[in-house]
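Understanding the architecture of this molecule
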2 protein chains.
Amino acid sequence: PPPPPPPPFQAEDGIRDNIPSLVGSEMCIRDRIKPHGSDELNPLFVYDTDKHEALSKEAETLPSLQLSSSAAGNAVMLGAGYYNPLTGFMNVADAIACADKMVTTDGIFFPVPVLNLTEKVEGFAVGDRIALRDPNVDGNPVLAVQTVTAIEDVSDEQMALMTDKVYRTADPEHPGVAAFNAQGQVAVSGPIEVLNFSYFQSEFPDTFRTAVEIRNEIQEHGWKKIVAFQTRNPMHRAHEELCKMAMEAVDADGCIIHMLLGKLKPGDIPAPVRDASIRKMADLYFPPNSVMITGYGFDMLYAGPREAVLHALFRQNMGATHFIIGRDHAGVGDYYGAFDAQTIFDDEVPAGALDIEIFNADHTAYSKKLNKVVMMRDVSDHTKEDFILLSGTAVREMLGNGKAPPPEFSRPEVAQILMDYYQSLN
Amino acid sequence: PPPPPPPPFQAEDGIRDNIPSLVGSEMCIRDRIKPHGSDELNPLFVYDTDKHEALSKEAETLPSLQLSSSAAGNAVMLGAGYYNPLTGFMNVADAIACADKMVTTDGIFFPVPVLNLTEKVEGFAVGDRIALRDPNVDGNPVLAVQTVTAIEDVSDEQMALMTDKVYRTADPEHPGVAAFNAQGQVAVSGPIEVLNFSYFQSEFPDTFRTAVEIRNEIQEHGWKKIVAFQTRNPMHRAHEELCKMAMEAVDADGCIIHMLLGKLKPGDIPAPVRDASIRKMADLYFPPNSVMITGYGFDMLYAGPREAVLHALFRQNMGATHFIIGRDHAGVGDYYGAFDAQTIFDDEVPAGALDIEIFNADHTAYSKKLNKVVMMRDVSDHTKEDFILLSGTAVREMLGNGKAPPPEFSRPEVAQILMDYYQSLN
C-alpha cells in the first residue's frame, strides 16, 4: 500500500519558513466576513461558458425591454454579487417594504427598493422570459435575461411613499428623486441572469471589479480586517490619512479604495488620471500589501443615509469588514444632515442586520498647530485658520496654472499627475 | 509661512511600525522589471472614456473588416499590453523578419509574426481607418480600429517561410499551421486602437486580467520577484509543487498562475470549476500574499519553442520576473523535442533580448521512495514504478466515479471540487 499521505505542509514543501499551517489557513477562510443574507456569495452573472452562450442565443429570440439607466446599474450590481442575496428585481410589495422598513416581505434586510420600472409593457406577460437591454451601450445589447414573475402598476401614492422614505424628500429637483420618477410606473419583477457588466467592465477594464473578484483578491492578499473607502475623485492627503486613521483604529491589514465608476460630468477628472493619481499615492505612501484599488458601477442615488446603508451592505458582500462613512456621505444639496448617514446605523438599522462595521469619520485636514492631518472633531481647540483648507475650485485653479497645492494638502507626486492633466487641457 | 512639509512618513502617519521609507518604495518601483521594448507599458486599449466613446462612434461609420479568430486574439493581447511595444499589425517585411530572425525591421525583438491576414480586401484602401470586427462574439461588434498603412499580398513562398520558421513544419495537420493558413493571404497592416477585450473579458470577468492590471496588482502585493506559471487546467500536486520549487529556487515572493482562457473543447473542465479548484489549492496550500490567480486570452499557436518565447515576452510585460517552462511547453503532437522550448532561449534568443528569466523544469511527480514531489531529472535512481503516475484518462475516470485520486497526486479539497463536477455530469 502507498505510504500514508503527508500532512499538508511538510518541511520539504516550504518555500520559506513562515508557511502557515493548514489549520491557520482554514481558520482564515472561516474568519472571512459572510456575504449579506447567505453563507456563500451568489452573483447573478452566468459564469458557465456553455450556459452563457446558450443564454445569449436565447436572449436574441426573447421579447426585449430597454432598461432605465438606474435599473441597468442595478442589474450590474446584482450580476457582480454586490446585492447578494437578491435574485432579481423586486415586486411592489417588497419594494414598498424595503422603502418603508428596509426589509423584504421575506425578511431580507435591504435598505432600498431594487425595481425594474418602465413606462409600459408591450409584447410580454407574466411567465415570459425577456431580454433586458442596456440603455448605456451603443446598440443596446442584452445585459440580462429576466423571468417575469409580476407586472404591476405602481400608484402615485406608492411612488411618493418610496421617494419619501428613501430620499427623505419628494422634491423633483433632487437628482435621485428625479431619476426614480422618470422611469415610469410599471414594475417588472422577477429573477435575472446577467450576461455582462455593461460599460463599467468594458470601459474601465483595469479598475472594475465584481464582489467575487474582490473577495478572491482579499484572500490572495491574506487580509483579515479590511477597511473600504468610497471615492470618485483623486485622493489628497486628507483622504489618504483618513484611510490610515481608519486602518489604525480597527487594526486593519488592508484598505480597499473602491471607486464609483461612471459617465463623466463636465469638469470631472478622467478615470485614467484619477486612477494613476490614486495608484501613485498608494505606491508611495502605503506599506506593500495594504491597499487594493478597485471600482464598481451603478447610478448613484444621492439618497444620503439610505444610500450609506446600501454602500455598507455591498461592501460586506465584497468582503470588507469595515466601511468609512464621513460627513454628508452620498448626499446632495442640503437634503440631509451632515451625520445622518452615520446615525441611521444606530437609529434605524436593526442590530445584526449587517455584519460590516462602520467607521464614522469627520472631515480631516492638515493642522498647522499640530503639523499633521487630524480629524476635525478631535481638535476642538482649533479655529478654521489653524487648518490648511482649500476649496475644490482653488485647487483646480492652482493645478491648471501648474502650481502644486502645498504638500500638507497634496502629495507632490499626486499633484504632478493632476497638474500634467489640467495643463494638457490648456 | 507654513512649516516645512513633513517627510513622507512621520511616526504619526504610521498605521504600524514597519512602514517602509519613501526611499524604499521608490526603489521598489525602480526595481520593477521593465516592459519589453519600452520604459513604460503602452497598452493599445483606449482608456480615456471620451476618446473611447468617440472612437466607438467613429467605428460605426468606417469600412469593416472581420478579423480571423487568431487576429482577434492578437488584438486583445495588443490592447491589454501583453505585446508591448508593438503598436498594431505588422507589415509583411516585419512579419518575415520576425519569423526568420525574431526581430522586426526596426530592431524590436519579437518571436512571431503578428499579422492581420484576410482573404480579400474590399471597400477600403491604404490610408483609411477601418473597424475590425470580432468573429468570436455574436453580432460581430467592433473590437478595434485600425489605420491601414499597407495592404500586401503574401506569396505562397512567404507563407511557407513563416510556417517553417514559426511552427518548424509545413504539415497542414498541425493545428497552428492550419489556422495560420486558413486566414487568407492578404496582410492588412497598421496601428490599432482597441475598444474591448472580446469574450475573454465578458465571459471570464473574475479571471481575465490585462498586463496593466497584473503590474498594478504586483505593486499592490509588494512583490519583487514573481514567477509566472502557464496553465489551462486544474492544478494537481505536481503543478503546485512545481510552482513552489520555482519560487524557492529564485527566492520569489509571488507566483502568478496565469490561465489561458478560451473556448472549450469537448471534455474540457469549465472555467468556474477550474478556477475554484485552483483557488482552493492556493488558499489552503500557499502562504498568504504569495499567489495571484489570473487569466489572459488569445488563440494558442501550438508553436512549441517559438510560442514559449512569446509566452515569456508577455509575462515580462505583465511584470513577472521569472517564467516556468516545462517539457513540451506549448507543443502539440511530436513536432518538437521535449526541451526545444527551453533550449531556444540559449540557442536562438539573443542575450539581453528579454529581461525575464526562464525557470527550466522537468516533469514533477510524487516519489514513493522519498515521500515528496520531486522533479524527475533530480532523481536519476528512480524508475517509473517509484513515482505515483496517473494518466489524464485514469484521473478523469476516478473523479467521475466519485473516487479521489491518492492525496500524493491530488489535494483532497481539489479532488472534491473536481469529483463534484464530474459527478454532476452523470
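The rules behind each value
Residues numbered from 1 in each chain as written. Chains lettered and ligands numbered in written order. Predicted model: local features only at pLDDT ≥ 70, side-chain atom pairs only at ≥ 80, totals over all residues. Heavy atoms only, no water. Helix = DSSP H or I, 4+ residues; strand = E, 2+ residues; numbered from the N terminus. Buried < 20%, exposed > 50% of the residue type's maximum accessible area, 1.4 Å probe, protein only. Contact = heavy atoms within 4.5 Å. Areas by Shrake-Rupley, 256 points an atom, 1.4 Å probe, with all protein chains shown as cover. Lys, Arg positive; Asp, Glu negative; His and termini not counted. Charge placed at Lys NZ, Arg CZ, Asp CG, Glu CD. 1 Å grid on protein atoms, 1.4 Å probe; cavity = no way out; pocket = protein on both sides within 12 Å on 5 of 7 lines; lining within 4 Å. Points joined across faces, edges and corners; volume = space filled by probe spheres on them. Nonpolar A, V, L, I, M, F, W, Y, C, P; charged D, E, K, R; others polar. Phe/Tyr/Trp six-rings, centres within 6.5 Å; stacked < 30°, edge-to-face > 60°. Lys NZ or Arg CZ within 6 Å of the ring centre and 35° of its normal. Pairing = 2+ DSSP bridges. Disulfide = S-S within 2.5 Å. Axes fitted to C-alpha atoms, helices over the stretch in contact; angles between N-to-C directions. Left-handed = near helix turned anticlockwise from the far one by under 90°. Parallel < 35°, antiparallel > 145°, perpendicular 65-115°, else oblique. pLDDT = per-residue confidence, 0-100.

Thoughts on the overall build of chain A
- Check the secondary structure of chain A and you find 14 helices and 15 strands.
- Expressed along its principal axes, the backbone C-alpha trace of chain A runs to roughly 80 × 65 × 45 Å.
- For chain A, with 426 residues in total, the buried portion stands at 58%.
- A fraction of 72% describes how many contacts in chain A between residues 6 or more apart in sequence connect residues 24 or more apart.
- Here chain A displays about 16,500 Å² of accessible surface, and carbon together with sulfur accounts for 50% of that area.
- One way to put it: in chain A the 35 positive side-chain charges average out to a point 5 Å from where the 60 negative ones average out.

Let's talk about helix 4 (residues 92-101) of chain A
All names here are of chain A.
- Across the ten residues that make up helix 4, a large majority, seven, are buried.
- Along helix 4, the residues that are buried comprise Val-92, Asp-94, Ala-95, Ile-96, Ala-97, Cys-98 and Ala-99.
- Considering only its buried residues, helix 4 is in contact with strand 6 (150-153), helix 5 (156-167), strand 7 (186-194) and helix 11 (305-317).
- Following helix 4 by one or two positions, Met-102 has its phi on the positive side, about 60 degrees.

Some words on empty space enclosed by the protein
- Applying the stated criterion across every chain yields a total of six cavities of 30 Å³ or more.
- A volume near 100 Å³ is recorded for the largest cavity.
- Residue lining of the largest cavity: Gln201(A), Phe204(A), Pro205(A), Phe208(A), Arg209(A), Thr210(A), Glu213(A), Gln201(B), Pro205(B), Phe208(B), Arg209(B) and Glu213(B), and that is the complete set.
- Considered class by class, the residues forming the lining of the largest cavity number five nonpolar, three polar and four charged.
- Space inside the second largest cavity adds up to approximately 80 Å³.
- Lining the second largest cavity we find eleven residues, and of these Arg32(B), Ile33(B), Trp223(B), Lys224(B) and Ile226(B) sit closest to its centre.
- At the level of secondary structure, the elements contributing two or more residues to the lining of the second largest cavity comprise helix 1 (22-31) and helix 8 (211-221) of chain B.

A closer look at the packing of aromatic side chains
- Evaluated as defined, the whole model comprises 26 aromatic pairs over all chains.
- For the pair Tyr167(A) and Phe180(A), a centre-to-centre distance of 6.2 Å together with 50 degrees between the ring planes defines the contact as tilted. Highlighted residues: Tyr167(A) in helix 5 and Phe180(A) in helix 6 (residues 175-181), separated in sequence by 13 residues.
- Residue classification places Tyr167(A) among the buried residues on the basis of a relative accessible area of 4%.
- For Phe180(A), a relative accessible area of 10% translates into the label buried.
- A centroid spacing of 4.8 Å and a plane angle of 70 degrees characterise the contact between Phe45(B) and Tyr47(B), whose relative ring orientation is edge-to-face.
- Judged by its relative accessible area of 4%, Phe45(B) is buried.
- An aromatic cluster of three or more residues is present, and its members are Phe45(A), Tyr47(A), Phe197(A) and Phe208(A).
- In this arrangement the basic side chain of Lys244(A) is found over the ring face of Phe286(A), its NZ or CZ atom lying 4.8 Å from the centre.

Some words on the pairing of strand 14 (residues 372-375) of chain B
Residue and element names in this part refer to chain B.
- Bridge count between strand 13 (residues 364-367) and strand 14: four bridges; the pairing is antiparallel. Among the inter-strand pairings, Tyr-366 is bridged to a residue of strand 14, identified as Val-373.
- In textbook terms, the turn of a hairpin is the stretch between consecutive antiparallel strands, and for strand 13 and strand 14 this stretch comprises four residues, one of which, Asn-371, has a positive phi near 55 degrees.

Quick look at the sheet that holds strand 13 (residues 364-367) of chain A
Residue and element names in this part refer to chain A.
- The strand order 14-13-15 describes an open sheet built from three strands, whose pairing is antiparallel. Either end of the sheet is taken by a strand with one partner, and the two such strands are strand 14 (372-375) and strand 15 (387-388).
- Bridging between strand 13 and strand 15 involves two bridges; their strand directions are antiparallel. In the strand pairing of strand 15, Ser-367 is matched with Phe-387.

Here's the deal with the state of the cysteines
Residues and elements named next belong to chain A.
- For the coordinates displayed, the defined rule picks out zero disulfides over all chains.
- The structure places no disulfide on Cys-255, whose sulfur is separated from the nearest cysteine sulfur, that of Cys-243, by 4.0 Å.
- Residue classification places Cys-255 among the buried positions, given a relative accessible area of 0%.

Remarks on helix 3 (residues 69-79) of chain B
Residues and elements named next belong to chain B.
- The buried fraction of helix 3 amounts to nine of the eleven residues, a majority that puts the element mostly inside the structure.
- Along helix 3, the positions that sit buried rather than exposed are Ala-71, Ala-72, Gly-73, Asn-74, Ala-75, Val-76, Met-77, Leu-78 and Gly-79.
- Residues of helix 3 that are buried sit in contact with strand 2 (88-89), strand 5 (142-147), strand 7 (186-194), helix 7 (198-203), strand 10 (291-297) and helix 11 (305-317).
- Note on helix 3: the residue one or two positions beyond its end, Gly-81, has a positive phi of about 90 degrees.

Examining the packing of helix 4 of chain A against helix 5 of chain A
Residues and elements named next belong to chain A.
- The geometry of helix 4 relative to helix 5 is characterised by a closest axis approach of 8 Å and an angle of 35 degrees between their N-to-C directions. The two elements helix 4 and helix 5 cross, and the hand of that crossing is left-handed. The residues of helix 5 that touch helix 4, namely those facing Val-92, Ala-95, Ile-96, Ala-99 and Asp-100, are Gln-158, Leu-161, Met-162, Lys-165 and Val-166.

Focus: the packing of helix 10 (residues 271-285) of chain A against helix 14 (residues 412-425) of chain A
All names here are of chain A.
- Between helix 10 and helix 14, the least distance of the axes is 9 Å, while the angle of their chain directions is 165 degrees. The orientation of helix 10 relative to helix 14 falls into the category roughly antiparallel. For the element pair helix 10 and helix 14, the recorded crossing hand is right-handed. Contacts between helix 10 and helix 14 pair Val-273, Ala-276, Ser-277, Lys-280, Met-281, Leu-284 and Tyr-285 from the former with Pro-412, Glu-413, Val-414, Ile-417, Leu-418 and Tyr-421 from the latter.
- Looking at side-chain class alone, the contact of helix 10 with helix 14 contains ten nonpolar, one polar and two charged residues.

Some thoughts on the pairing of strand 7 of chain B
Residues and elements named next belong to chain B.
- Burial of strand 7 is extensive: seven of the nine residues sit out of reach of the surface.
- Two elements, strand 3 (residues 117-118) and strand 7, share two bridges in a ladder whose sense is antiparallel. Note that in strand 7 the partner of Thr-118 across the bridge is Val-186.
- Where strand 5 and strand 7 come together, three bridges link them in antiparallel fashion. Its bridge partner lying in strand 7, Gln-146 is registered against Ile-192.
- Two elements, strand 6 (residues 150-153) and strand 7, share four bridges in a ladder whose sense is antiparallel.

Here we look at the environment of Thr104(B)
All names here are of chain B.
- Take Thr-104: it is sitting in the loop between helix 4 (92-101) and strand 3.
- For the pair formed by Thr-104 and Leu-86, sequence separation is 18 residues and the distance between their alpha carbons is 9.9 Å.
- Those residues in contact with Thr-104 that lie beyond four places of it in its chain are Met-90, Asp-94, Ala-97 and Cys-98.

Section: the confidence of the model for chain A
Residue and element names in this part refer to chain A.
- Mean pLDDT over chain A stands at 92; residues scoring 70 or higher make up 93%.
- Here residues 1-30 is a poorly scored stretch, pLDDT under 50, and it has 50 contacts once near neighbours within four places are set aside; other chains count.
- Reported for the predicted complex are a pTM of 0.91 and an ipTM of 0.89.

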